[in-house]
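Structural overview for review
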Amino acid sequence: MKHTLKKYAISALLLGAGSCMAATDMRQVVDSHVTPLMKQQGIAGLTVAVVQHGRVQYFNYGVAAKDTQAPVTENTLFEIGSVSKTFNATLGGYAQAIGKLKLSDMTSQHLPVLAGSAFDRISLLQLATYTPGGLTLQFPDAADSATTMMEYFQHWKPTYAPGEQRLYSNPSIGLFGYATAKSLGLPFTVAMEKTLLPKLGLTNTYTRVPADKAGLYAQGYDSQQKPVRVNPGALDFEAYGIKSSSQDLARYVIANMHPQTLEQPVQQAIAHKVNWLKPAQAQPANVLYNKTGSTGGFGAYVAFVPSKDMGVVILANKNYPNAERVKVAYAILSAMDN
């Protein structure tokens, strides 16, 4: 199937799956951690997807919006914040797999507007790994728009040599996504929604939530319990602007653990190996992949362990401490591993 997850492959995963923790037992585990968390942190709505051997269990709590009292479901759309960066990185891997770019390319090769700047000597891989030389966590206010960001990049001077220092940065990963989209000849939002997301089999994930899906879009709440949604900014969709559901993110987790279920270029994008260290270090046997994501009114966490074929997605319509997300996820993963 050209644009969706191959159904036969997913079915094979389900049929071949080992025994999973019973739903009632998992409900007790999730309830015992989520219920006090929501009370403690003042979270209106939260959803958990538990992935084990290709099977998914959903546990939904509270409301998507206080005014409508609409209950949270696995189809409710949440802002996933910086989990968006993983989609950005996958799009870059896809562009390389189909020959539109090489991660070793210098940034200005794909963005001629930056010719003559520091980005003549900064590779796409260095942007993607936050090692261009000291780009800040956020854009300065004066540069935080589509019309002013390029002037900022044109005049920016590295503090460190490219590849020397890793500093987590929205402008860094954002520019990587922007350059990737240019290599594909598409705006980033189009490349994401019309190319990558369908190829991943994700049907309820968006950069901009369409009008006919607005009823699924949860309302976020800030620390004062005031309604809030993500603000627009430079390279926002590339760095933190995607909205998704626990059902779609569970599918995304399965795709990352079983890339062989995808068509070849996307499979390469996910399974691609980058040998950065010389010599490269061996990957730990039970490595855990995880990513937090936050906006003003939402908190997300995705974690999975490929060697054990298990993972968890936690989405909430309030930004609460990352440590609390990790605690809940760890408890759930530990219960599955017993």
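Scope of this entry: the structure provided in the associated data block. (Residues numbered from 1 in each chain as written. Predicted model: local features only at pLDDT ≥ 70, side-chain atom pairs only at ≥ 80, totals over all residues. Heavy atoms only, no water.)

This brings us to the overall build of the chain. A tally of helices and strands in the chain yields 12 helices and nine strands. For 338 residues, the compact-globule formula gives about 20 Å, and the C-alpha radius of gyration of the chain, at 20 Å, lands near that figure. For the C-alpha atoms alone, the extent of the chain along its principal axes is close to 60 × 45 × 35 Å. Buried residues in the chain amount to 52% of all 338 residues. Counted over contacts in the chain with a minimum sequence separation of 6, partners at least 24 positions apart contribute 69%. Counting only carbon and sulfur atoms, one obtains 53% of the accessible surface of the chain, whose full area is about 15300 Å². One finds the centroid of the 29 positive side-chain charges in the chain at a distance of 4 Å from the centroid of its 21 negative side-chain charges. (Helix = DSSP H or I, 4+ residues; strand = E, 2+ residues; numbered from the N terminus. Rg over C-alpha atoms; globule rule 2.2 N^0.38 Å. Buried < 20%, exposed > 50% of the residue type's maximum accessible area, 1.4 Å probe, protein only. Contact = heavy atoms within 4.5 Å. Areas by Shrake-Rupley, 256 points an atom, 1.4 Å probe, with all protein chains shown as cover. Lys, Arg positive; Asp, Glu negative; His and termini not counted. Charge placed at Lys NZ, Arg CZ, Asp CG, Glu CD.)

Let us look at the environment of glycine 311. With respect to the helices and strands, the residue glycine 311 is situated in strand β9 (residues 310-316). The exposure class of glycine 311 is buried, given its relative accessible area of 0%. In sequence terms glycine 311 and leucine 288 are 23 residues apart; their C-alpha atoms lie 9.1 Å from each other. For glycine 311, the residues in contact, after removing those within four places along its chain, are Ala49, Val50, Val51, Val253, Met257, Ala303, Phe304, Leu333 and Met336.

In contact at an axis separation of 11 Å, helix α3 (residues 84-97) and helix α8 (residues 188-199) are set at 80° when each is read in the N-to-C sense. Taken together, the axis directions place α3 and α8 in an arrangement best described as roughly perpendicular. Between α3 and α8, the residues in contact are Phe87, Asn88, Thr90, Leu91 and Tyr94 and Phe188, Ala191, Met192, Thr195, Leu196, Leu197 and Lys199, respectively. (Axes fitted to C-alpha atoms, helices over the stretch in contact; angles between N-to-C directions. Parallel < 35°, antiparallel > 145°, perpendicular 65-115°, else oblique.)

Turning our attention to the sheet that holds strand β8 (residues 298-305). Each strand in a sheet pairs with another by means of backbone hydrogen bonds, the pair being arranged parallel or else antiparallel. Within the open sheet, the five strands sit side by side as β2-β1-β9-β8-β7. Their pairing is antiparallel. If you trace the sheet from one side to the other, it starts and ends with β2 (55-62) and β7 (289-295), each paired once. When the angles between neighbouring strand axes are averaged without regard to direction, this sheet yields 5°. Looking at chain direction, strand β1 (residues 45-52) and β9 are connected through seven bridges and run antiparallel. Bridged to valine 48 within β9 is isoleucine 314. Set on the sheet, helix α2 (residues 23-41) makes contact with β1 and β2; between it and β2 the angle comes to about 35°. The strands touched by helix α10 (residues 246-257) within the sheet are β1, β2, β8 and β9, with β9 carrying the most contacts at an inclination of about 150°. (Pairing = 2+ DSSP bridges.)

Here the focus is unusual backbone geometry. With a phi close to 60°, glutamine 69 is a non-glycine residue in the positive phi region. With respect to the secondary-structure elements, glutamine 69 resides in the loop between β2 and β3 (78-79). With phi around 55°, aspartate 309 is a residue other than glycine that occupies positive phi space. Among the secondary structure elements, aspartate 309 is positioned in the loop between β8 and β9.

This brings us to the environment of methionine 106. Along the chain, methionine 106 falls in the loop between α3 and α4 (107-110). Using a relative accessible area of 25% as the deciding quantity, one classes methionine 106 as partly exposed. Along the primary structure methionine 106 and alanine 118 are separated by 12 residues, whereas in three dimensions their C-alpha atoms are 10.0 Å apart. Here methionine 106 is in contact with Phe119, Asp120, Arg121, Ile122 and Ser123, once residues within four sequence places are set aside.

This paragraph deals with the pattern of salt bridges. Close approach of charged atoms allows side chains with opposite charge to pair. Tallying each qualifying case throughout the model produces five salt bridges. Where arginine 27 meets aspartate 31, a salt bridge forms, and the shortest distance between an N and an O atom there is 3.3 Å. With arginine 27 and aspartate 31 both in helix α2, this residue pair falls four residues apart, about one helical turn. Classification of aspartate 31 as partly exposed rests on a relative accessible area of 27%. The partner of lysine 327 in a salt bridge is glutamate 324, with the nearest N and O atoms 3.3 Å apart. You can see lysine 327 and its partner glutamate 324 sitting in helix α12 (residues 322-337), three residues apart, about one turn around the helix. (Salt bridge = Lys/Arg side-chain N within 4 Å of Asp/Glu carboxyl O.)

Function-wise, these values are silent; they only describe arrangement.
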